[in-house]
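Here are the chains, one letter per residue:
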Amino acid sequence: MKEEIQKVLADLSELRCQTRKDVEEARIRFLGKKGEVTKLFDEFRTMDKEMKKEFGKTLNDLKQTVQNRIEEFKNQAASEDSTQAAAQDLTMPGDAIALGSRHPVSIVRQEIVDIFRKFGYDVAEGPEIEDDYHVFEALNFPPNHPARDMQDTFFVSAGHPNPLLLRTHTSSVQVRAMETMKLPIRVICPGRVFRNEAISARAHCIFHQVEGLYIDENVTFADLKQAILLFAREMFGPDTEIRMRPSFFPFTEPSAEVDVSCNICHGKGCNICKGTGWLEILGCGMVDPNVLEASGIDSKKYSGFAFGMGLERIAMLKWRVNDLRHYFENDMRFLREFSSAVEV
Ligand code: PHE
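Since this is a predicted model, take the numbers as computed values, not measurements.

Thresholds, definitions, all that
Residues numbered from 1 in each chain as written. Predicted model: local features only at pLDDT ≥ 70, side-chain atom pairs only at ≥ 80, totals over all residues. Heavy atoms only, no water. Helix = DSSP H or I, 4+ residues; strand = E, 2+ residues; numbered from the N terminus. Expected span 1.5 Å × (residues − 1). Buried < 20%, exposed > 50% of the residue type's maximum accessible area, 1.4 Å probe, protein only. Patch = residues over 30% accessible without salt bridge, like charges linked within 9 Å, V, L, I, M, F, W, Y side chains within 5 Å. Areas by Shrake-Rupley, 256 points an atom, 1.4 Å probe, with all protein chains shown as cover. Salt bridge = Lys/Arg side-chain N within 4 Å of Asp/Glu carboxyl O. Near = heavy atom within 4 Å. Polar contact = N/O pair within 3.5 Å; in protein donor to acceptor, adjacent residues only side chain to side chain. 1 Å grid on protein atoms, 1.4 Å probe; cavity = no way out; pocket = protein on both sides within 12 Å on 5 of 7 lines; lining within 4 Å. Sits in = over half its atoms within 2 Å of the grid points. Contact = heavy atoms within 4.5 Å. Pairing = 2+ DSSP bridges. Axes fitted to C-alpha atoms, helices over the stretch in contact; angles between N-to-C directions.

### Things to note about helix H5 (residues 104-118)
An ideal rise of 1.5 Å per residue puts 21 Å on 15 residues; H5 measures up with 22 Å between its terminal C-alpha atoms. Buried residues of H5: Pro104, Val105, Ile107, Val108, Ile112, Val113, Ile115 and Phe116, and no others. Trailing H5 by a residue or two, Gly120 shows a phi angle of about 95°, which is positive.

### Some points on a nonpolar patch on the surface
A grouping of Ile129, Val156 and Leu164 is seen on the molecular surface, where their side chains present a nonpolar patch of about 250 Å² in accessible area. Looking at the element boundaries, Val156 is found in the loop between helix H6 (132-135) and strand S3 (164-166).

### Here we look at the site of the ligand
Around the ligand sit 13 residues, and of these His169, Ser171, Arg195, Gln209 and Glu211 come closest. Here a nitrogen atom of the ligand sits 3.0 Å away from a polar atom, N or O, in the side chain of His169. Separating an oxygen atom of the ligand from a side-chain N or O atom of Gln209 is a distance of 2.8 Å. The protein chains hide 90% of the 330 Å² of surface that the ligand would expose on its own. Assessed atom by atom at 2 Å from the grid points, the ligand resides in the largest pocket. When contributions to the shell around the ligand are tallied by element, the ones reaching two or more residues are strand S5 (206-217), strand S8 (278-287) and strand S9 (302-310). Ranked by residues supplied to the shell around the ligand, first place goes to S9 with three residues.

### Description of the environment of Leu139
For Leu139, the position within the fold is in the loop between H6 and S3. The buried category is assigned to Leu139, whose relative accessible area is 3%. Taking the C-alpha atoms as reference points, Leu139 and Ser295, separated by 156 residues in sequence, lie 9.4 Å from one another. Excluding residues within four positions of it along the chain, Leu139 makes contact with His134, His169, Ser171, Ser172, Val175, Pro250, Phe251 and Val291.

### Concerning unusual backbone geometry
Residue Leu183 is joined to Pro184 through a cis peptide bond whose omega torsion reads -5°. Considering the arrangement of structural elements, one finds Pro184 in the loop between helix H7 (171-180) and strand S4 (185-194). We note that Asn218 has phi near 60°; this positive angle belongs to a residue other than glycine. By the secondary structure assignment, Asn218 is in the loop between S5 and helix H8 (221-236). Of note in this structure, Asn330 is not a glycine but carries a positive phi near 55°. By secondary structure assignment, the location of Asn330 is in the loop between helix H11 (326-329) and helix H12 (332-336).

### Here's the deal with the sheet that holds strand S7 (residues 252-261)
Taking strand neighbours across the sheet as the criterion, the seven strands line up as S1-S4-S5-S9-S8-S7-S6 in an open arrangement whose pairing is mixed. The open sheet terminates on both sides in strands that have one partner only, identified here as strand S1 (122-123) and strand S6 (242-249). Both S4 and S5 contribute to a ladder of 10 bridges, which runs antiparallel. Within the sheet, the bridge partner assigned to Val187 lies in S5 and is Leu213. Of the strands in this sheet, S1, S4, S5 and S9 are in contact with H5, which crosses S4 at around 170°. Running at roughly 30° to S5, H7 makes contact with S4, S5 and S9 of the sheet.

Following this line, the structure appears as structure tokens:
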């Protein structure tokens with residue numbers, strides 16, 4: 001027993017621990033279930049009385065010595081850790097995280113939404129896969145209107161009385177608003193729309209719109225004109241003028257196309273406005289009474305106006321983008337050009 005105790009003490013004096021892991025290994029080696037010291041205690045238990053008397057205290061002292069030594073190593077390892085931490089330079093600047101930027105279409109949508117929010121409009125959204133009723137029928141499109149042709153509209157399910165299709169305009173959201181909202185209604189409907197067009201610099205099969213709808217008692221064409229004028233001045237600058245040209249949409253009567261004065265040449269004529277001094281930006285009109293009635297609104301009591309514009313086109317005018325396809329190709333060189341266009 002004596003030699004064994006000597007050996008443990010010799011092992012202990014040779015013990016070196018650097019890390020917490022070393023300390024834990026040493027603890028197991030000496031004091032663990034099968035540790036050197038534990039073994040001696042196991043032996044002690046089988047000794048006779050005399051022997052126990054002789055070794056009892058020595059063994060307890062040994063255990064204490066081992067524990068103290070391991071405790072010392074433990075403290076050393078802990079202070080080592082904290083000096084290592086202090087060696088790190090906490091004033092070093094962090095790694096810069098590269099921020100993405102908003103897509104030009106999102107920037108324009110946000111601007112338009114913010115302007116109309118100021119005028120008291122709510123934002124409404126609806127499904128991109130719609131039914132014929134909400135895209136055409138409720139909007140007074142006659143049964144054989146060309147838009148209902150496969151050539152112009154992507155159908156999801158054909159040969160059904162109310163087929164599913166990809167909405168060709170967000171006017172469908174306005175129909176849903178008329179069906180569900182309480183009067184008066186003032187909403188704008190931003191969203192993605194789909195038309196079966198050959199892709200070129202000037203046309204794409206996917207694009208984005210913001211459409212708007214205002215229904216109340218005594219809403220007149222003068223209100224429409226004023227709303228559009230205010231919007232145009234907020235969007236394109238306080239000197240902007242608008243002009244309205246008669247047009248046709250099945251869901252509005254009368255209908256108009258709106259041009260804004262070209263803010264590039266200020267009316268003198270340039271290649272963006274093709275020498276006319278005007279840029280076409282939206283379609284609008286007074287909601288056709290048939291449309292109001294289809295959604296259960298009394299057209300004798302209520303009237304309203306609606307308008308709709310394409311976001312890609314407005315972004316094109318704003319940043320002089322010359323090819324619609326840029327918007328969808330995700331070329332980083334194109335997208336990065338807009339990183340300073342808004343504060344993130
Ligand atoms: N829905 C029309 C379009 O997609 C735009 C529009 C909306 C015109 C509202 C008039 C009134 O072209």
